[in-house]
Amino acid sequence: MKGKFIALLSLVLILAMVLGACSSGSTPQSPTPPANTPAGTPAGTPEPSEEPVKLPGFKIGLMVYTNSGGWFDRIYDGVKALADATGSTLVLASGATPDEAIAAVENLCASGVDGILDLATGGVSHRLLQICEEYGVLFAAANNNLLQEEGYETFRKNEYYVGSVYADDKQISYDIVSDMIKNGAKKIAMFGLPPGISAAFDNRFAGAYKAIEDAGMSVLTEARSFVMPEAAQNLLTQYPDVDAIFSAVDASNYLYQPLISGGYGGKIQISCFDDGGDVNVGFENGIVSHCVEGVNAQAQLGYILLYNALTGNKLLMSDGLAPDILIPYVILHSANEFKDYVDRSKGGIYSFDELKEFIVLLNKDASLNKFIELAQSFGK
Amino acid sequence: MELEKIKRNLSGILPLIGLLVVFALFSAVGGDQFYGARNLTLIINQCFTIMVVAIGVTMVHAHGGIDFSVGAVLALSEMLAAMAYKRTGSPFVLLFVAVLVAVLCSFITGIITVKLRIPPFISSLCMQFTCRGIVNTVLQSKSIGVTELHAPGWGVRLPVLLLLAAAVYVILDYTKIGKHNKAIGENIKAARSSGVDVDFYRIIAYLISGFTVGIAAYFDLLRNGVMSTNVGYGLEMKVIIAVVLGGLSLSGGYTATIKSAVVGSLLITIMTNGLMIVGVPVTYIGIIQGIIFLLVILFTYKRDRQGLLPR
Amino acid sequence: MSEVLLSVKGICKRFGPTVALKDVDFTLRRGEVHGLIGENGSGKSTLTSIIAGIRKADSGEMQKDGAPYSPQSAVDAQSQGVSMIVQEMGTAPDITVAENIFLGKEKRFTRNGLVSKKELNAEARKVLDNIGAANIPESVPTFTLNLEERKLVELAKAMYEEPDVLIVDETTTALSHDGRELLYAAIEKMRSESKGVIFISHDLEELMSVCNIMTVLRDGDIIGTLTKEEFDEATIKAMMVGRELTGSYYRSDYDGKVEDEVVLRAVHLTGAELVEDVNFELHRGEILGFGGLANGGIHELGRLLFGIDPAIVGSVLLADGTEVKDASTAVKKRMGYVSKNRDEEAIMVHASIRNNIALPSLSKLTRRGLVAAGKERELAKQAISTLEVKCQSMEQLTRYLSGGNKQKVVFGKWICNESHILILDCPTRGVDVGVKQAMYRLMYDLKCAGCSIILISEELPELIGMSDRLLILKNGKINGEFIRSPELSERDVIHAMI
C-alpha cells in the first residue's frame, strides 16, 4: 500500500511539473475565427509600399504519420524554416488510421491552431474538413492524393479547404521498376507491408506491378508482411539470385545488412521511399539504386498555400476552387546525389527567398499559375 | 478488521483517484480549453471505440482469456456492414450486420479456443489474420464511403457508453455468467470441480465481447464516414494497454471489474488530448507517456494477484 | 544423557499481528530422533525453518555444539551441518535430478568455467545409491519423476552434505511405503552415527514408532517433552489440543446397516487410466470407503464418479436414471466432490471465502437472472458458523486460512448446495487432530441425515474407522469388500491391497 501511494504522489508531482513547464512555454490560444473571406487571385492592386511588410504569425498544426527519422526531419526542417520566417509556430501531431487522424485533427483544433498542414489524412479528409469547419480552422494537405478519397467533390468546395500538393506514387513506381528492368533486372521481388495499410503504399505497388506486367515479366516473389525482418530473411534465403527489390518503404533496417554481408553490393537494385536515415549506407555499398525524395518539397508548398489562406489571400484556380497540385518526385541514384539532396534540404529544400514571391502579403501579384509551374519543375 | 476493509476499498478506488488527479492537473493548466464542454465532448467521442471494446473484452479477460482479433473483427464488421448498407440503403441494416458479423467472429474464436483447446493468444491471432485477409482481398485498396450518413454525436454516444458499462457491470458482478467466468479465471480446475460448465460460460464471454465490438464498429464507421482497409490497426494493443492501465489483471479472476476498462480508456484518451492542448512538444510526449504509464501501473497493479499476464 | 547438539533459547517470531513462537526453548541431543508435533499454527514449521536458516527469529539465540549458531540462509545452515527437507516441493522441475541435488554447488564440478555433466551425474548417482534410491535416474528432468521420487531427491540432497542435524518436515505424506522405508533408513543412520534428527509429522502413530523423544507445541508455546517410555496417544493428543478429546475419534457405532435405496451405481466403469470395470452400488445414508495403494486407482475413481474425467467404458448412474458425464451435471444433481489436491483443484486460493462457498449454489441464488447478493452472504455466513471456520470475515481470501479451515470451506460449499452424495478424496489430509475429529463428526451427522458419502483415503485407520462398507481397489479393479465390524483390522484389509 505504501508503495502505491508513493507512486501516486510521484505521478501527481511529475505531471504537475511537466504541465506547469509546458504551459508557461505556450500561451493557450483562444480559437480565433480566421480573418478570411476567400478571395480570388488579387489582380493589379493599389499602393506600392516600400516599408517591409510585417507578416502576421499563426499557430499551425503539422500532421505526419511518424515524428522521427531522416525523412521526417527533412519535412520538419523545411516547414519550420517557413514558419520561422513568417512568425508562426508549429504544433506536431501524428496519426495513421482513420480514427487516429480524426482524433489528431480534433485535438489540434481544440488546442487552438489556426491552420493544419496534414501529411497523413487517413483517407477521411471529408470528415477532417467537417471538423475544421466546426472550429474555423483552415486545412491544407500534402503527400496525399485527395482526389482518390471519398467525398472529394464535396469537400473540395468547403471554404476551409485550402488545397493540396501531392505526387503520383503509382507513376514514380512504374518509372523506377521500368528503369530497373532497363538496367538488366530479371528477378524482381516486392518488399514491404501487406496491402491495406495506406493508399500511398498500395499505389506504389500498383505502379510496380504494372511495370513488370507491361514488360511481359512476372514478379519473382512477394515479401510483404508485418514482420519485415523475417520477410527479408526469407526473401534472401529462398531467392539468393534476386537482382532487384522494389521496396515501398524504407527497408534499410531489414535488408541492407544481410545484403551487404551477403556480398550483393553492386549486383542488386533496390528502391527506397520515406527514408529513415540510413539510405546512404545502402548507396555506398552498392545496394540501393533508386531513392525517392520530395515530400519535403510538397510540405513546403502546402505551407505556402495554407499561409496565404490564413492571411485572407487564398490562391484559387480560375473556377474558384482550391488547387490540388501534382508535383514530381525526385529519384536519387547515388550516395553523392543523396548527400547533395540532404544538404540542400537543410533549412528547407526551397529557401524562403524562392517562395516569398508567392506569398500574397509580400507580392500582390503572386500567381497561382506560376506557383504550379514552380511545383512541376521540381527536381528538374 | 477495519484496517483490512479500508485498505481493500482504497485499493479499489485508487485508479479512479488517479484519473481524477490527471484530469484536475490538465484542467488547472489547460484551463477551460480542456475542461470546457466542447473538449469534453471530444474526449467522449475519442475514447468511445476503445472503451466500448474494452468493456466487452473485460468479460474475456475475466476468465483469463485474451483477444488479439478485435481490431480486425472491427474492420471486417465495418466492411460487411458498409456493403450491406450500400445494397439496401438502410442504416438499420448497417447496425444489424455490424453486430452480427462481430458476434459471429467472436463466437468462432471462442469455439476454437474452448473446444479445440487452443490457447486464446493463438486462436485470436489466427482470427486476426483471417479477418484482415478477407478485408484486404475484398476491398483491394479501395474504400467504401458512407459519408451521407450523419455520425451520432456525444449525445447518443454518452448514453450508449453508460448503458453498456452498466449492463456489463451487472453481468460481471451480479450474474452467474460473470461469477462463473471469474471463477474460471481464478482456478479453472476448481471451477470445473465445483460444477461450472467452463466451456459454455467462456463462449458466452466471447459472445458478449463480440457484441460490443459490433457496436463499436457501427459508431466507428459512421464517425469515419469511410470504410478503408487500415481501419482498426492496433486497436487490440490499445485496448489491452487501456485495461492494464486501469488495473486489470490479465490472468482474470474475482478482481476483474469494468472500472479498469472505463478508467484506463479515459486515461489514455485524456493524456493524448490533454498533452496536445497544453502544448507539450511532441518529442517529449513519448517519454512523458512512458513515465505516466509506469507510475499508473504501479498503483493500479494488484500485487497479490498471481501476475499480470494470462497463465 | 548424551551431549547437546543444538540448543535454542528464547526464540520469538511474529508475522504481523500473529505471534508464531513465544519465547521457545528447545534442545536436540546427539542420537535423538526428536519428534515435533502440534496443530497447524502451533509453530513447528516456523521453529524448524528458523533452525534451518530459512527464516530469522525476531529474538533469541541458538547454539550448535556449544558455539553460537546463526545461519544467514539455508545454504549457510547447510554448510554448518543443518539440512532440512521442506514441506512443499523443494526441487526445480525443469532441471535434471543431478542438477537439483547440487543446486548452488556447481562450482565443485566446474573446470575452466564449464560444468562437467559427467562428473555431476556420477556424483549424483553415488548420492542416490547411498540413500538406497537406486531406481531413481540421475540425468532425467525432475518433472518426469512423481511426487515421491522428487521428495527422495530432496532427501539425497540433504544427506549429501552429511549433516549433523537433519530436519524432516511433513515429508512422509508424499511418500509411499517404500519411500518411507528409505527415509526411516536414513534417519536410523543419523541416529546410529550419534547425529540428530528433528521429525515433524501429523501422523502420531508414525511419530511414536520412529522417534525416541517428542516435543509438543501449541499456539507458539512448548507444552512439554516426552521420552519414548512416556509416549501415550491420548496424552499427546490432549497436549496438542489443550483439552481432553472426548468421545471416540471416528464413529462410536458399529452399525454398518444401510438403507436399501440405491442412490448411485457404477456400471462397468472404466477410465483412461487405472480404473477397470468397477461395479458397485451406493446406498442412501451409507459411508462407502475406497482404499488401496496410491496407484491402485482410487483417486482416479473419484474423478470418474464425479464426471471430471470421462468414462471410456461403462457409466455412472443416479437413481433417477441420469448418467453423470460431466461435473456440471453432477453438481446439478446435488453431488459434491472434495479433491485430494485441495489448493490446486478444490479451492480458489485468491478468492474470498464467500465466493468459494457460494460457487456451486449460484443457480439456487439466482432470481430473474441476477444473483441476490444478500442471499449469497447469508449462505456463506451460515456455512462459516456451522463449520466454525476460523476467519476474519467472509471476504477474507482463503489463502490466508490454515489448511484445516480451507478444508472446512470446501466442505461448506457442498453443504450449502444441499449435496446428498459426497465424494471425499483424502478429506483429512494435512489437517490437525482437533479439526479431523470435527470432520469425522460432521461426516457422521451427514450420514445420519441421509447423505451418502464415498470416502477415498490412503489412511487405513480412517477408512476402517468411518466406513459402513469398505471396497479395496487393486490395480484398478475391486479386490475385496469389508463390512463394518469391531473385529475388522488393518491386517485383513492390507491383504486385499497388495
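Quantities reported herein were computed from a predicted structural model and do not represent experimental measurements. (Residues numbered from 1 in each chain as written. Chains lettered and ligands numbered in written order. Predicted model: local features only at pLDDT ≥ 70, side-chain atom pairs only at ≥ 80, totals over all residues.)

With that settled, the discussion passes to the overall build of chain B. Looking only at helices and strands, chain B features 13 helices and two strands. Taken over the C-alpha trace, chain B has a radius of gyration of 20 Å; the compact-globule value for 311 residues is 19 Å, and the two agree within 12%. A principal-axis box enclosing the C-alpha atoms of chain B has dimensions of 65 × 55 × 35 Å. At a minimum sequence separation of 6, the contacts of chain B that also span at least 24 residues come to 81%. (Helix = DSSP H or I, 4+ residues; strand = E, 2+ residues; numbered from the N terminus. Rg over C-alpha atoms; globule rule 2.2 N^0.38 Å. Contact = placed C-beta atoms within 7 Å.)

All right, on to the overall build of chain A then. The secondary structure content of chain A amounts to 14 helices and twelve strands. Evaluated residue by residue, chain A yields a buried proportion of 51% over its 380 residues. (Buried ≥ 20, exposed ≤ 12 C-beta atoms within 10 Å, placed from the backbone.)

Attention shifts here to the confidence of the model for chain A. Residues and elements named next belong to chain A. Summing up the model confidence of chain A, the mean pLDDT is 84 and the portion of residues at 70 or higher is 89%. At the low end of the mean pLDDT range in chain A sits helix H1 (residues 2-25), at 69; at the high end sits strand E3 (residues 115-118), at 96. Below pLDDT 50 for its whole length, residues 26-50 participates in 37 contacts with residues either more than four positions away or in separate chains. (pLDDT = per-residue confidence, 0-100.)

Assigned domains of chain A: these are domain 1 (59-167 + 295-328 + 346-376) and domain 2 (169-293). A C-alpha centroid distance of 30 Å is found between domain 1 of chain A and domain 2 of chain A. (Domains from an automatic or database assignment.)

What follows concerns the interface of chain A and chain B. With 47 residues of chain A at the contact, the number on the chain B side is 48 residues. Contributing elements (two or more residues each) for the side of chain A that touches chain B: H1, strand E2 (89-93), helix H3 (98-110), helix H4 (125-135) and helix H7 (199-214) of chain A. For the side of chain A that touches chain B, the element with the highest residue contribution is H1(A), accounting for 16 residues. Taken together, the residues that form the side of chain A that touches chain B break down as 25 nonpolar, 16 polar and six charged. (Nonpolar A, V, L, I, M, F, W, Y, C, P; charged D, E, K, R; others polar.)

Let us look at the interface of chain B and chain C. Between chain B and chain C, the residue contacts involve 21 residues of the former and 27 residues of the latter. For the side of chain B that touches chain C, the secondary structure elements donating two or more residues are helix H8 (176-186) and helix H9 (188-193) of chain B. The residue makeup of the side of chain B that touches chain C, split by class, is six nonpolar, seven polar and eight charged.

A word on the packing of helix H5 (residues 91-115) of chain B against helix H10 (residues 198-224) of chain B. Residues and elements named next belong to chain B. Contact geometry of H5 with H10 gives a least axis separation of 7 Å together with a crossing angle of 150°. Taken together, the axes of H5 and H10 are roughly antiparallel relative to one another. Between H5 and H10 the crossing geometry is right-handed. Looking at the contact of H5 with H10 residue by residue, the classes come out as 19 nonpolar, six polar and three charged. (Axes fitted to C-alpha atoms, helices over the stretch in contact; angles between N-to-C directions. Parallel < 35°, antiparallel > 145°, perpendicular 65-115°, else oblique. Left-handed = near helix turned anticlockwise from the far one by under 90°.)

With that out of the way, let us pick up the pairing of strand E22 (residues 469-474) of chain C. All names here are of chain C. Here five bridges tie strand E15 (residues 287-292) to E22, and the two strands are oriented parallel to one another. Residue pairing for E22: Gly292 is matched across the bridge by Leu473. Looking at chain direction, E22 and strand E23 (residues 477-483) are connected through five bridges and run antiparallel. Directly across from Lys474, in E23, lies its bridge partner Lys477. Connecting the antiparallel pair E22 and E23 is a turn made up of two residues, with Asn475 showing a positive phi of about 50°. (Pairing = 2+ DSSP bridges.)

A word on the sheet that holds strand E9 (residues 165-169) of chain C. Residue and element names in this part refer to chain C. Read from one edge to the other, the open sheet built from six strands follows the order E6-E9-E10-E3-E11-E12, with strand pairing classed as mixed. Looking at strand neighbours, the two that pair on one side only are strand E6 (82-85) and strand E12 (221-227), the edges of this open sheet. This sheet shows a mean twist of 20° between the axes of neighbouring strands, independent of strand direction. Helix H1 (residues 44-51) contacts strand E3 (33-37), E6, E9, strand E10 (196-200) and strand E11 (213-218) of the sheet and is inclined by roughly 150° relative to E9. Most of the contacts of helix H8 (residues 233-241) go to E11, to which it runs at about 30°, and overall it touches E3, E11 and E12.

Attention now goes to unusual backbone geometry. Residue and element names in this part refer to chain C. If you check the backbone angles, Glu162 has positive phi at about 50° while not being a glycine. Among the secondary structure elements, Glu162 is positioned in the loop between helix H5 (147-160) and E9. Taking the number of C-beta atoms within 10 Å as the measure of exposure, Glu162 has 13 and is therefore partly exposed. Positioned with a positive phi, Glu418 is a non-glycine residue whose angle comes to about 55°.

Our next topic: helix H7 (residues 154-174) of chain B. Residues and elements named next belong to chain B. With 21 residues, H7 extends 29 Å between its outermost C-alpha atoms, agreeing within 8% with the 30 Å of an ideal straight helix rising 1.5 Å per residue. Within H7 the residues assigned to the buried category are Arg157, Leu161, Leu164, Val168, Ile171 and Leu172. Summarising the axial view, the buried residues of H7 lie within an arc of 110°, below the 170-degree limit, and thus occupy one face. Facing away from the buried side of H7 by more than 90 degrees, the exposed set consists of Gly155, Pro159, Leu162, Leu163 and Ala166. Taken together, the buried residues of H7 touch helix H3 (37-62), H8, H10 and helix H12 (258-278). (Expected span 1.5 Å × (residues − 1). Arc of directions from axis to C-beta.)

Moving on: the arrangement of the chains. Across the two pairs of chains in contact, the largest number of contacts is found between chains A and B. For chain A and chain C, which are not in contact, the least C-alpha distance works out to 15 Å.

Here we come to the pairing of strand E9 (residues 269-272) of chain A. Residues and elements named next belong to chain A. Both faces of E9 are covered, namely the face carrying Gln269 and Ser271 and the face carrying Ile270 and Cys272. Between strand E8 (residues 244-247) and its parallel partner E9, the chain crosses via helix H9 (residues 252-261), and the hand of that crossover is right-handed. Sheet topology places E9 next to strand E10 (residues 288-293); three bridges connect them, and they run parallel. If you follow Ser271 over to E10, its bridge partner there is His290. (Right-handed = clockwise from strand over helix to strand, strands pointing away.)

With that out of the way, let us pick up the packing of H5(B) against helix H6 (residues 120-139) of chain B. Residues and elements named next belong to chain B. At a minimum axis separation of 9 Å, H5 and H6 run at an interaxial angle of 145°. Like other packed secondary-structure pairs, H5 and H6 cross with a definite hand, here right-handed. Packed against H5, whose contacting residues are Cys105, Ile108, Thr109, Ile112 and Thr113, the element H6 presents Pro120, Ser123, Ser124, Met127 and Cys131 at the interface. Of the residues contributing to the contact of H5 with H6, the split by class is six nonpolar, four polar and no charged.

Averaged over all residues, the pLDDT of chain B equals 88, while 92% of them reach at least 70. Both scores are given for the predicted complex: the pTM is 0.79, the ipTM 0.88.

Turning next to the sheet that holds strand E14 (residues 278-283) of chain C. Residues and elements named next belong to chain C. One open sheet accounts for three strands, arranged E14-E13-E16; its pairing is antiparallel. Pairing within the sheet leaves two strands with one partner each, and these edge strands are E14 and strand E16 (313-318). Put simply, the sheet's adjacent strands are angled 5° from each other on average, direction ignored. Examined bridge by bridge, strand E13 (residues 262-270) and E14 share five bridges and lie antiparallel to one another. Counterpart to Val262 in the pairing with E14 is His283.

Before going further, it helps to spend a moment on the nonpolar core. Ranked by size, the top nonpolar core spans 298 residues in total, and within it Cys132(A), Phe139(A) and Leu306(A) carry the most contacts. Looking at this core, the element that brings in the most residues is H10(B), giving 15 residues. In this structure, Phe139(A) is in contact with Ile116(A), Asp118(A), Leu128(A), Leu129(A), Cys132(A), Tyr160(A), Tyr161(A) and Val162(A), ignoring residues within four places of it in sequence. Listed in part, the 61 residues of the second largest apolar core include Ala57(C), Ile101(C), Leu128(C) and Ala133(C). (Core = buried A, V, L, I, M, F, W, Y, C linked by C-beta atoms within 7 Å.)

On to the environment of Leu401(C). Residue and element names in this part refer to chain C. As for its position among the elements, Leu401 is in the loop between helix H14 (373-387) and helix H15 (403-416). The class of Leu401 is buried, set by 21 C-beta atoms lying within 10 Å. The residues contacting Leu401, other than those within four sequence positions of it, are Cys391, Lys406 and Val409.

Inspection of the secondary structure assignment puts Ala211(A) in helix H7. Placed 32 residues apart in sequence, Ala211(A) and Asp179(A) show a C-alpha to C-alpha distance of 9.4 Å.

Here the focus is the environment of Ala140(A). All names here are of chain A. As for its position among the elements, Ala140 is in strand E4 (residues 138-142). Placed 23 residues apart in sequence, Ala140 and Gly163 show a C-alpha to C-alpha distance of 5.3 Å. Ignoring anything within four residues of it in the chain, the contact list for Ala140 reads Gly115, Leu117, Val162, Gly163, Ser164, Gly302, Leu305 and Leu306.

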